[in-house]
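Residue strings, one per chain:
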Amino acid sequence: MAVGEAERKRAVEIGSEGRTSAWTEIVSLLSNPSPAVRRAAASAARKLMSISGDLRKAFCIPLYMAATRETREQVLQYELRALEMCVGMTDQMVADIKDIARNATHADYVRAAANDCAAAAEMVIREAESRRKHWCARCRRPVTKEESAAGIERYGKPYCRHCLDERILEERNFEADVASAKRLRTADDVAVQSRGEKRIGDWLSRKRIEYVYDERYRIAGDVSIRPDFYLPEFDLYIEYWGMQEQDYLARKSEKKFLYQRAGKKLISLDWRDLENIESVLEEKLSRYIRL
Ligand SMILES: [Zn+2]
């Protein structure tokens, strides 16, 4: 019996009997040293994949590896024809198959098989891409591919149209705040960092509420944090969270936790309150003090 004849017969048998449960045997036969065995295994893989859709994914990597290291033209053709049925090829894998199609040292029938294989894989990739759901990174609503692309291009995240507009607006506001940080002063001449803080300071001085801005306070045992505003009369803190970047939000929740742990009274305001910051502040403050 020729070398590998038993293995070749086994591959043929698995294929012709459609024994999908024996697919891992076919995987190992794909790297058999005998070309005749590899050819029979590739042929069997095709048959099994036509029976079980799941195997189209399972065979993808083994067939790709078999094809990219194949030394026999005819066997390579079989492997490519089997790989053509697979799903799950990556862009890099497709590029490698295209290299085979472009390589003039390969037989025409191999290059044709590689071409078909790459085309089929690209179609699978495109279909998967169009089916893939995208969600807005902020409101979690599903977004269209176009919306997602616009957000990713600008901020590296998918946003719906509404949230992207908001995000751009915030960015502009924030840039304006930073640019004018040195110039912003409250009515009682305290230099503050944002328009939100200025309006908080202005409102407090109008109400003749004493406050300290942006000073270091030891509030939680050995941990000191720096509040935006501290009202010494009421032992109360006001924080204005003007941004919503990821690490900023992390610091925010950490800070909030420290206040909580220290049992401190904290009034939290954020960018959403900016429009009516005075009335929001008044409402929140009135829970603690009589205004
Ligand atoms: Zn959104």
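Worth saying up front: this structure is predicted, and the values here are computed from it rather than measured. Residue positions are given per chain, counting from 1 as you read along its sequence in written order. Residues qualify for local features only when their pLDDT is at least 70, as the model is predicted, and side-chain atom pairs are given and counted only at 80 or more; totals for whole chains, interfaces and linings, by contrast, use all residues.

**Student:** Whenever I open this one, the pairing of strand β7 (residues 236–241) confuses me. Can you help?
**Tutor:** Walk down a regular strand and you will see the side chains alternate between the two sheet faces. Note: strand β6 (residues 229–231) against β7, three bridges, orientation antiparallel. Residue pairing in the sheet places Phe-229 in a bridge with Ile-238 of β7. By this definition, two strands are paired if DSSP reports at least two bridges between them. Each helix corresponds to a stretch of at least 4 residues labelled H or I by DSSP, and each strand to a stretch of at least 2 residues labelled E; elements are numbered beginning at the N terminus. Where β6 hands over to β7, the hairpin turn is made up of four residues, of which Asp-235 adopts a positive phi near 50°. Strand direction decides the pairing type here: β7 and strand β8 (residues 265–270), joined by six bridges, are parallel. Across the sheet, Tyr-240 pairs through a bridge with Leu-269, a residue of β8.

**Student:** What am I meant to see in the sheet that holds β8 here?
**Tutor:** Note on sheets: strands pair through backbone hydrogen bonds, and any given pair is parallel or antiparallel. What the four strands build is an open sheet, ordered β3-β6-β7-β8; its pairing is mixed. In the strand order of this sheet, the two ends are held by β3 (212–213) and β8, each with one partner. This entry defines residue contacts through backbone-placed C-beta atoms, with two residues in contact when those atoms are within 7 Å. Every axis in this analysis is a line fitted to C-alpha atoms, fitted for helices over the stretch in contact. Angles between the N-to-C directions lie between 0 and 180 degrees. Contacting β3, β6 and β7, helix α11 (residues 195–206) runs over the sheet at an angle of about 150° to β7.

**Student:** Can you walk me through the environment of Gln-74 in this structure?
**Tutor:** For Gln-74, the position within the fold is in helix α6 (residues 73–83). Distance from Gln-74 to Pro-35, taken between C-alpha atoms, is 9.0 Å for residues 39 residues apart in sequence.

**Student:** Would you take a moment to explain helix α3 (residues 35–51) for this structure?
**Tutor:** Since the α-helix packs 3.6 residues into each turn, any two residues three or four apart lie on the same face. Helix length check: α3 (17 residues) gives 25 Å between terminal C-alpha atoms against 24 Å at 1.5 Å per residue, within 8%. Those residues of α3 lying buried are Val-37, Arg-38, Arg-39, Ala-40, Ala-41, Ala-42, Ala-44, Ala-45, Arg-46, Leu-48 and Met-49. The length a helix should cover is 1.5 Å for every residue beyond the first. A residue is called partly exposed when the number of other C-beta atoms within 10 Å of its own lies between 12 and 20, exposed at 12 or fewer, and buried at 20 or more, with C-beta atoms placed from the backbone.

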